[in-house]
Amino acid sequence: MQSDTTTSSTDAPERQAAMLVSELVREASRAQAVYAEFDQGRVDEVVTAVAWTLLEPASNRRLSEQAVADTGLGRVEDKITKNHRKTLGLLRDLKRARTIGVVAEYPELGLIEIARPVGVVGAVVPSTNPVATPYNKTLNALKGGNAVILAPSPKGDAVCEEIVALMRGALRRVGAPEDLVQKLPSPISKAVTQEMMRQVDLVVVTGSQNNVRAAATSGTPAIGVGAGNVPSIVDETGDIGAAADRITASKTFDNATSCSSENSMIVVSDAYCAMIEALQERGARLLYPQEKERLRSVMWADGRLSGRVTAKSADEILDLAGIERTGRSVGIVLVEEDAPDAGSKFSDEKLSPVLTVFRARDFDHACDLARAVLDINGKGHSISIHSQDDERILQLGLKLPVCRVIVNQAHCFATGGAFDNGLPFSLSMGCGTWGGNNISDNMNYRHFLNTTRIVRTITPVEPTLDEIFGDYWRKYRVEPDASLGGGGAR
């Protein structure tokens, strides 16, 4: 009897989580079934209405202020900029896209492609971007005719509650079912989040790699993205002033909350002194060796990156470490290292305006250093380069384990799509098999769709054996059996 009671007590939270999530999914499924009857015009109206609840300036400011107040991460003005530009860019991408009904026809192949919803999407979002990321995922999901259930981080729970209320109001305004957008109830728990992963039709995860792994083993189709630890190469052909401007803008934006912020700068020796000087002119502070050790002890007091420094300003971090600023505000903290070293910690992602600097003998050595940084953490994500040498730029794409090579741009603005590059606007960057992901592009609306293909016959396109094997036969003097036809080796 005691054993039964113990089992019942242990199972109760799991059963409660399952029942709670099951009801949310039922409500979402009912709403999605109604939404599935909307045509492209009505779906686009829904997307526009929901997006305006963030792009409306007063709403954007209120949500940004709440996000920083609740999480303690980042800067309000930068979050306002991020929320506006990322959402406006996404709307630009979505406006051009057909996602309902027949979306493509290829008469020469006898194919018609039809976009179909995936159903109910479970979207796990991080505390670093508690506004921009849920909007990005929700708009992509709605564009595909889906319902979405948001699973925020505990720190982002309150602002997510406000976001969902705004979104549901917009849905009501345009005559769409409110239950197309829901969130897990407060307080957010790991058990309920993982139960959601098991019950929805698709899981999309940004943030904690623990959540990415949980999604991958949930039994539900899942799209997760990898960790960032971006190295940036500056060679002797690059525009030093422009590179310093870009890196400063990128590394200081929102106190480096972005996974796309530079974490290491690798400078070819001939450009090293000029680059350091240019950054110092823009407010960077290069630490002396003893100061570096004081910073290390504060940033990794127990071997793990401290929340006391995450997404804090350089001034706050220096003050925390007791490092003199000589009365001048600091934008970026520069720390010199000889070579990437996992034990040093400075070669890893730092989620703060602390930038590790390596001096490379030449460009080949710079590539070796970048690879070593990525081997420590961040494989698959991206690398940036400030150079005018097209061959070197291509070499990075051919040789290094990254899905993006960002050329002469501020990295954190460019990687997730920008108005002056061709990447889709996104806050979730796939890292391919290098990063343990099943996508290598920026997560976008296509990942929230199923595709049905109508297939008709066409004039047969069947090659002869000689067309396929002829060059091989002749080069290696292979004599195929004459019964195969198609000509022998000559």
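It should be noted that the structure appears before, not after, this text.
Predicted model, so just to flag it, every value in this text is computed and none were measured. (Residues numbered from 1 in each chain as written. Predicted model: local features only at pLDDT ≥ 70, side-chain atom pairs only at ≥ 80, totals over all residues. Heavy atoms only, no water.)

Novice: Looking at this structure, how should I read the sheet that holds strand β15 (residues 449–455)?
Specialist: What links the strands of a sheet is backbone hydrogen bonding, and the strands pair in either a parallel or an antiparallel sense. Ordered by their spatial adjacency, 3 strands build an open sheet running β1-β2-β15, and the pairing between neighbours is antiparallel. Looking at strand neighbours, the two that pair on one side only are β1 (101–106) and β15, the edges of this open sheet. Looking at each pair of strands side by side, their axes are set apart by 25° on average, direction ignored. Pairing geometry for β1 and strand β2 (residues 111–117), over 5 bridges, is antiparallel. Following the sheet pairing, Y106 is matched in β2 by L111. (Pairing = 2+ DSSP bridges. Helix = DSSP H or I, 4+ residues; strand = E, 2+ residues; numbered from the N terminus. Axes fitted to C-alpha atoms, helices over the stretch in contact; angles between N-to-C directions.)

Novice: Even after reading the chapter, I still don't get a nonpolar patch on the surface, so can you show me in this structure?
Specialist: Among the surface-exposed residues, L465, I468, F469, Y472, Y476 and L484 lie close enough to one another that they form a single nonpolar patch of about 610 Å² accessible area. By the element assignment, L484 lies in the segment after α16 (465–476). (Patch = residues over 30% accessible without salt bridge, like charges linked within 9 Å, V, L, I, M, F, W, Y side chains within 5 Å. Areas by Shrake-Rupley, 256 points an atom, 1.4 Å probe, with all protein chains shown as cover. Salt bridge = Lys/Arg side-chain N within 4 Å of Asp/Glu carboxyl O.)

Novice: Whenever I open this one, helix α10 (residues 269–281) confuses me. Can you help?
Specialist: Along an α-helix, residues three or four apart share an orientation, since each turn contains 3.6 residues. Helix length check: α10 (13 residues) gives 19 Å between terminal C-alpha atoms against 18 Å at 1.5 Å per residue, within 8%. Taken together, the buried positions of α10 are occupied by A271, Y272, M275, I276, A278 and L279. Close packing links the buried residues of α10 with β8 (230–234), α9 (240–252), β9 (262–268), β10 (285–286), β11 (333–336) and β12 (354–360). (Expected span 1.5 Å × (residues − 1). Buried < 20%, exposed > 50% of the residue type's maximum accessible area, 1.4 Å probe, protein only. Contact = heavy atoms within 4.5 Å.)

Novice: Help me out: how do you make sense of the packing of α9 against α10 in this one?
Specialist: How two helices pack is summed up by the angle between their axes together with the distance between the axes. The N-to-C vectors of α9 and α10 enclose an angle of 50°; their axes lie 9 Å apart at closest approach. Classified by the angle between their axes, α9 and α10 sit oblique to one another. Considering the relative orientation of α9 and α10, their crossing is right-handed. Between α9 and α10, the residues in contact are I240, A243, A244, I247 and T248 and A271, A274, M275, A278 and L279, respectively. (Parallel < 35°, antiparallel > 145°, perpendicular 65-115°, else oblique. Left-handed = near helix turned anticlockwise from the far one by under 90°.)

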